[in-house]
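Topology and contacts: notes
Given next are the chains, with one letter for each unit.
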Amino acid sequence: MTLKNTADRWGPVSQAFHWIIMLLILGLATVGLTMGELPKTPKYFWVFTAHKSIGITVLVLVLARLAWRLYAGRPDPVPGTPGWQERIASVTHWLLYALILLMPVSGWLYDSASGLRPFRWFGLFDMPKLVPPDEGLRGLAHEVHEWGFWVLAALVCVHAGAALYHHYFQRDATLLRMLPGGSPRIGDNAPSPPAPHRNPADVP
Ligand code: HEM
Ligand code: HEM
């Protein structure tokens, strides 16, 4: 078994990056959207530090994922996919990459410009500040962090919707080849054949 992506499916490394990053972003979004309500007292600081630490971890994972993607390539488009669909998928994927980089970077910038004490990454070491305290930049980074998230959420809905559409309606291997498990069966990569034509007169 090869770790790299092959012509007809994503390899285990790309799959692991995809699903682990997805789960971490889901967790970050849930915590991010609720932690604003928490009292800003030392008792709850660990929630903010956990969000920031996991967010920086996502940044490192996305950079590693991009490096792997450039090295390991991607599978060929599923046979039968129209060119325009291929182009939309490609633009969507690169936008997703841009947003999952923008989210941790804007968060880190927001934290840096706030002039707070450096936070310790999972309690292990102090994270460096990207910029000195700056009220204007702090506000801008916060806006980008908040709005960037809603754009990401909308795009993920379209993206996941497209994957499910391929799986349940087109019945091709688009989703299966991003899931762990055996190779998609031969033919899964192809669009489903048209239903056989039946002449009503043939029916007994
Ligand atoms: C992929 C990574 C990340 C995602 C998906 C994410 C997501 C979110 C979301 C959805 C919110 C709520 C936005 C709002 O309504 O204000 C939020 C808030 C916040 N995030 Fe992140 N975040 C990420 C990374 C980071 C990082 C790396 C840091 C800092 C180092 C950070 C710091 C913060 C802070 C301080 C808030 C609270 C904002 C406030 O005071 O309202 N985030 N995050
Ligand atoms: C935070 C959520 C998600 C993000 C950021 C994300 C991001 C991405 C990116 C960037 C790619 C392109 C890979 C590449 O070309 O290098 C991709 C591929 C893919 N994603 Fe997601 N994804 C998310 C959630 C989901 C969900 C929920 C599903 C399924 C329901 C899904 C199904 C797929 C599939 C099937 C592919 C492969 C498409 C192909 O082979 O052309 N993703 N994803």
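Described below are features of the structure shown in this document. Note that the structure is a prediction, hence the values are computed from the model and not measured. Counting restarts for each chain: residues are numbered from 1 in the order of the written sequence. For naming, the first written chain is A and the first written ligand is 1, with later ones following in the order written. Totals for whole chains, interfaces and linings use every residue, but because this is a predicted model, local features are given only for residues with pLDDT of at least 70 and side-chain atom pairs only at 80 or more, for both listing and counting. Neither water nor hydrogens contribute to the side-chain values; these are computed over all heavy atoms in the structure.

1. Observations concerning the site of ligand 1
Within the structure, ligand 1 sits among 19 residues, and M35, H51, Y110, H142 and H145 are positioned closest to it. Here a polar contact means two N or O atoms within 3.5 Å. Within protein one must be a hydrogen donor candidate and the other an acceptor candidate, and residues neighboring in sequence count only if both atoms are side-chain atoms. Contacts to ligand 1 include H51, whose side-chain N or O atom sits 2.9 Å from a nitrogen atom. H142 places a polar side-chain atom, nitrogen or oxygen, 3.2 Å from an oxygen atom of ligand 1. Runs of H or I in DSSP of at least four residues are treated as helices and runs of E of at least two as strands, each being numbered from the N terminus. The set of elements that each furnish at least two residues to the shell around ligand 1 consists of α1 (12-35), α2 (45-72), α3 (83-113) and α4 (135-170). Along the lines of polarity and charge, the residues of the shell around ligand 1 split into eleven nonpolar, six polar and two charged. In these notes, residues near a molecule or strand are those with any non-hydrogen atom within 4 Å of it. We call Asp, Glu, Lys and Arg charged. Ala, Val, Leu, Ile, Met, Phe, Trp, Tyr, Cys and Pro are nonpolar, and the rest, Gly among them, are polar.

2. Overview of the site of ligand 2
Around ligand 2, the structure places 19 residues, and the nearest of them are W10, H18, R69, Y97 and H159. The separation between an oxygen atom of ligand 2 and a polar side-chain atom of W10 is 2.9 Å. A distance of 2.5 Å is found between an oxygen atom of ligand 2 and a side-chain nitrogen or oxygen belonging to R69. Among the elements of the structure, α1, α2, α3 and α4 are those that each provide at least two residues to the shell around ligand 2. Looking at the shell around ligand 2 residue by residue, the class counts come to eleven nonpolar, four polar and four charged.

3. Quick word on the side chain of R65
Here R65 is to be found in helix α2. Notably, R65 is buried but unbridged: the nearest opposite-charge side chain belongs to E86, and the N-O separation is 14 Å. Contact criterion: two residues are considered in contact whenever any of their non-hydrogen atoms come within 4.5 Å of each other. Excluding its chain neighbours within four sequence positions, the residues that come into contact with R65 are F17, H18, I21, Y97 and I100. Relative accessibility under 20% of the residue-type maximum defines a buried residue, over 50% an exposed one, and the middle range a partly exposed one, all with a 1.4 Å probe and only protein chains included. Asp and Glu are treated as the negative residues and Lys and Arg as the positive ones, with His and the ends of the chain left uncounted. The working definition used for a salt bridge is a side-chain nitrogen of Lys or Arg within 4 Å of a carboxyl oxygen of Asp or Glu.

4. Things to note about the nonpolar core
Membership of the largest hydrophobic core comes to 15 residues, with the highest contact counts inside it found for I21, I25, V58, V62, I100 and L152. Of all the elements in the fold, those that place two or more residues in this core are α1, α2, α3 and α4. Here this core takes five residues from α3, the largest share from any one element. Residues in contact with V58, not counting those within four places in the same chain, are I21, L24, I25, L28 and I100. Among buried residues, the Ala, Val, Leu, Ile, Met, Phe, Trp, Tyr and Cys ones that are joined through side-chain atoms within 4.5 Å form a nonpolar core. In this structure, I56, L59, W108 and F119 belong to the second largest nonpolar core, which totals five residues.

5. Re the coordination of the iron atom of ligand 1
Each metal's donors are the N, O and S atoms found within 2.8 Å of it, except that Na, K and Ca use a 3.2 Å limit; water is left out, so coordination can look incomplete. The coordination sphere of the iron atom of ligand 1 contains the protein donors H51 (NE2) and H145 (NE2), at a distance range of 2.0 to 2.1 Å. A four-donor site is classed as tetrahedral when every donor-metal-donor angle falls between 85 and 135 degrees; four donors are called square planar, and six octahedral, when trans pairs exceed 155 degrees and all remaining angles lie between 65 and 115, with any other arrangement labelled irregular. Here the iron atom of ligand 1 binds six donor atoms, and the angle range of 87 to 179° at the metal identifies the geometry as octahedral. Here H51 is found in helix α2, whereas its partner H145 is found in helix α4, with 94 residues between them in sequence. For the pair H51 and H145, one class covers both residues: buried.

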